[in-house]
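Next come the chains, spelled out residue by residue.
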Amino acid sequence: MRLSRYFLPVLKETPSEAQIVSHRYMLRAGMIKQASAGIYSWLPLGYKVLRKIEEIVHQEQQRVGHIPLLMPTLQSADLWRESGRYDDYGEEMLRISDRHGRDMLYGPTNEELITDIFRSHVGSYKDLPLTLYHIQWKFRDEIRPRFGVMRGREFLMKDGYNFDLTKEDALHAYNRHLVSYLRTYERMGLQAIPMRADSGPIGGDDTHEFLVLAETGESEVFYDSEITDLKFGDREIDYDSRAACQAVLEEFTSRYARTDETHDEALFNQIPEERRRTARGIEVGQIFYFGTKYSEPMGATVQDSDGNKVPVHMGSHGIGVSRLLGAIIEASHDDKGIIWPEGVTPFHAGIVNLKQGDAEADAACEALYKSLTALGLEPLYDDRNERAGGKFATMDLIGLPWRITVGPRGLKNGVVELTSRRTGESEELPPEQAVERIAAIYNKVLPGA
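All of the points below concern the structure found in this document. (Residues numbered from 1 in each chain as written. Predicted model: local features only at pLDDT ≥ 70, side-chain atom pairs only at ≥ 80, totals over all residues. Heavy atoms only, no water.)

Attention now goes to the overall build of the protein chain. Along the backbone of the protein chain there are 13 helices and 23 strands. Taken against the 2.2 N^0.38 rule, which gives 22 Å for 449 residues, the C-alpha radius of gyration of the protein chain at 24 Å falls within 12% of a compact globule. Based on the C-alpha atoms only, the size of the protein chain along its principal axes is roughly 80 × 55 × 45 Å. Burial statistics for the protein chain: of 449 residues in total, 54% are counted as buried. Long-range contacts, defined here as pairs at least 24 residues apart, represent 71% of the contacts in the protein chain between residues at least 6 apart. Carbon and sulfur atoms form 46% of the exposed surface of the protein chain, whose accessible area is close to 19,900 Å². (Helix = DSSP H or I, 4+ residues; strand = E, 2+ residues; numbered from the N terminus. Rg over C-alpha atoms; globule rule 2.2 N^0.38 Å. Buried < 20%, exposed > 50% of the residue type's maximum accessible area, 1.4 Å probe, protein only. Contact = heavy atoms within 4.5 Å. Areas by Shrake-Rupley, 256 points an atom, 1.4 Å probe, with all protein chains shown as cover.)

Laid out in structure tokens, this is it:
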């Protein structure tokens with residue numbers, strides 16, 4: 001993409017309503033625009049990152065064998081009355097009536113709808129285990145939406161639902177989700193710590209939230225500092241192996257890590273004092289096992305091997321796709337702007353032409369642009385007739401991990417400047433070597449890695 005042809009409405013001043021870093025930078029970098037309280041339009045740059053995050057989530061879900069589908073945003077109130085949740089959910093649920101007077105709601109979650117799909121089409125234990133998921137817009141009518149996409153009313157979420165014959169089978173699905181989530185977050189450059197949490201209106205006794213440590217987090221968290229040394233890395237896991245998934249769960253949940261709702265001061269005090277930590281965390285996902293909470297009242301049963309009809313055991317598993325954008329920025333920024341991890345960056349590299357209109361500089365930038373594009377990478381070429389300082393400020397604000405700076409002086413020596421946004425370190429090298437360096441970096445993090 002050439003910046004002269006792109007829609008990137010950057011702001012020089014910080015809007016007064018932006019209280020936290022991610023909200024400030026998303027507005028200033030032209031990623032979002034507020035449509036109404038807690039509801040945002042996703043502008044091209046923000047939408048591009050959103051799709052990158054969504055694609056990683058899809059890849060990791062399908063790696064595990066989970067099956068995507070798409071459910072509607074509007075749901076019938078009758079399904080929620082059937083499960084008993086319609087009157088229990090509270091004022092966060094947006095309730096509406098259609099022109100025929102039928103009670104509808106804008107879905108805050110999809111347990112009822114997916115259970116209805118399951119009971120309509122699955123009747124035998126031979127069709128289990130089954131996990132279905134989708135990535136869809138949700139709505140929760142927050143009383144005080146704030147912090148931009150971090151606590152909005154409309155948000156994009158991946159929600160998945162497992163159906164299993166027994167509790168043991170369903171707990172394996174729970175463990176499988178935990179493992180896949182660890183891999184998902186690390187591909188985005190995040191360390192998301194699984195913490196024992198409260199199930200809230202979803203229900204069930206087994207639940208973990210995944211939290212990214214950040215000063216602006218909405219939750220107070222308590223944890224053993226040893227947990228921050230754990231990394232999933234590039235290890236290969238057999239997701240069908242109960243022992244392998246259980247081992248990862250034990251590795252990442254055996255140390256104390258809890259949100260304030262489930263904090264146990266006595267247990268916390270058993271940790272050596274030098275390892276006790278209290279911080280703030282941003283929730284970016286949650287997994288639940290809730291047994292037959294929905295399948296029993298809604299008649300989601302299968303015939304077992306003895307011919308008996310039994311309710312299936314279920315769980316639900318969510319990732320806050322749009323919220324992740326804010327969490328990544330909160331975890332990765334400086335006073336100049338965003339610093340995108342390579343896995344989710346909107347463009348793989350920025351090209352800055354220091355002297356637009358200079359024949360040699362223009363030709364060198366065009367060659368870099370074509371070389372990167374030919375390798376399947378997406379460069380953003382700042383071909384505007386602007387001063388160099390303004391171009392650098394824009395690149396720093398939008399946070400592309402790598403920048404290639406091209407100017408007449410360097411070209412006389414046969415070099416361009418390659419700069420790391422994260423470290424600020426620059427290196428002069430021939431253009432073709434700059435392209436090779438960037439290609440090598442992204443070979444490790446491109447989709448499907």
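Taking strand neighbours across the sheet as the criterion, the 3 strands line up as 4-6-5 in an open arrangement whose pairing is antiparallel. Taken across any chain shown, the strands that pair with only one partner, and hence form the sheet edges, are strand 4 (74-76) and strand 5 (94-97). Neighbouring strand axes in the sheet, compared pairwise and without regard to direction, differ in orientation by 35° on average. For strand 4 and strand 6 (residues 103-106), the ladder comprises 3 bridges, and the chain directions are antiparallel. Across the sheet, serine 76 pairs through a bridge with methionine 104, a residue of strand 6. (Pairing = 2+ DSSP bridges. Axes fitted to C-alpha atoms, helices over the stretch in contact; angles between N-to-C directions.)

Its location among the elements puts glutamine 75 in strand 4. You can call glutamine 75 buried: its relative accessible area is 1%. Separated by 2.8 Å, the side chains of glutamine 75 and tryptophan 80 make a polar contact. For glutamine 75, the side chain forms a polar contact with the main-chain oxygen of threonine 109, separated by 3.0 Å. Setting aside residues no more than four positions away along its own chain, glutamine 75 makes contact with Trp80, Met104, Leu105, Gly107, Thr109, Asn110 and Leu113. (Polar contact = N/O pair within 3.5 Å; in protein donor to acceptor, adjacent residues only side chain to side chain.)

Moving on, we come to the nonpolar core. Core analysis: the largest hydrophobic core is formed by 76 residues, its most contacted members being Met31, Ile53, Tyr185, Phe210, Val284, Leu325 and Trp340. Core analysis: the second largest hydrophobic core is formed by 25 residues, Tyr86, Leu113, Ala300 and Val312 among them. (Core = buried A, V, L, I, M, F, W, Y, C linked by side-chain atoms within 4.5 Å.)

A negative phi holds for most residues other than glycine; trans holds for most peptide bonds. The step from leucine 128 to proline 129 runs through a cis peptide bond, and the omega angle for that step is 0°. Tracing the chain through its elements places proline 129 in the loop between helix 4 (111-121) and strand 7 (130-139). For phenylalanine 147, which is not glycine, the phi torsion reads 65° and is therefore positive. As for its position among the elements, phenylalanine 147 is in the loop between strand 7 and strand 8 (154-164).

Relative to the helices and strands, arginine 421 resides in the loop between strand 22 (416-420) and strand 23 (426-429). Arginine 421 sits in the buried class, given a relative accessible area of 9%. Here isoleucine 338 takes part through its backbone oxygen, which lies 3.4 Å from a polar atom of the side chain of arginine 421. Sequence-distant contacts of arginine 421, that is, excluding residues within four places in its chain, are made with Asp334, Lys336, Gly337, Ile338, Ile339, Asp396, Gly399, Leu400 and Pro401.

Attention now moves to the layout of surface pockets. Summary: where empty space remains is shown by rolling a probe the size of a single water molecule over the atoms. Its boundaries defined by the atoms lining it, the second largest pocket holds a volume of some 420 Å³. Considering the residues around the second largest pocket, the lining is formed by 17 residues, among which Val10, Lys12, Gly390, Ala393 and Thr394 are closest to the centre. Top element by residues in the lining of the second largest pocket is helix 11 (residues 388-398). It accounts for 6 residues. Across the lining of the second largest pocket, the residue classes tally to 7 nonpolar, 3 polar and 7 charged. (1 Å grid on protein atoms, 1.4 Å probe; cavity = no way out; pocket = protein on both sides within 12 Å on 5 of 7 lines; lining within 4 Å. Points joined across faces, edges and corners; volume = space filled by probe spheres on them. Nonpolar A, V, L, I, M, F, W, Y, C, P; charged D, E, K, R; others polar.)

Before going further, it helps to examine the sheet that holds strand 19 (residues 349-353). The sheet built from 5 strands is open, its strands ordered 20-19-21-22-23 with mixed pairing. Both outer strands of the open sheet, strand 20 (379-382) and strand 23, are each paired with one neighbouring strand and no more. Going across the sheet, the axis of each strand differs from the next one's by a mean of 20°, ignoring polarity. Two elements, strand 22 and strand 23, share 4 bridges in a ladder whose sense is antiparallel. Residue pairing in the sheet places valine 416 in a bridge with leucine 429 of strand 23.

Here we come to the pattern of salt bridges. Summed over the entire model, instances satisfying the criterion amount to 27 salt bridges. With a closest N to O distance of 2.8 Å, glutamate 60 and arginine 183 form a salt bridge. A residue pair is termed long-range when its members are at least 10 positions apart, and glutamate 60 in helix 2 (residues 44-64) and arginine 183 in helix 5 (residues 167-187) qualify at 123 residues. Considered together, glutamate 60 and arginine 183 belong to a single accessibility category, that of buried residues. The shortest N-O distance in the salt bridge between glutamate 226 and arginine 275 comes to 3.5 Å. Placement of glutamate 226 in the loop between strand 11 (219-224) and helix 6 (242-253) and of arginine 275 in the loop between helix 7 (265-268) and strand 13 (276-291) is noted, with a sequence separation of 49 residues between them. Relative accessible area serves as the criterion here: at 24%, arginine 275 is assigned to the partly exposed category. Here the salt bridges do not stand alone but share partners, grouping Glu60, Arg63, Arg183 and Arg187 into one network. (Salt bridge = Lys/Arg side-chain N within 4 Å of Asp/Glu carboxyl O.)

Looking now at the packing of helix 5 against helix 6. Following both chains from N to C, one finds helix 5 and helix 6 inclined at 60°, their axes separated by 9 Å at the closest point. When the axis of helix 5 is compared with that of helix 6, the two are oblique. Helix 5 and helix 6 meet at a crossing whose hand is left-handed. On the side of helix 5, the interface is formed by Glu168, Asp169, His172, Tyr174, Asn175, Arg176, Leu178, Val179 and Leu182, while helix 6 contributes Arg242, Cys245, Gln246, Val248, Leu249, Phe252 and Thr253. For the contact of helix 5 with helix 6, a count of residues per class yields 8 nonpolar, 4 polar and 4 charged. (Parallel < 35°, antiparallel > 145°, perpendicular 65-115°, else oblique. Left-handed = near helix turned anticlockwise from the far one by under 90°.)

Nothing here speaks to function; it is all geometry.
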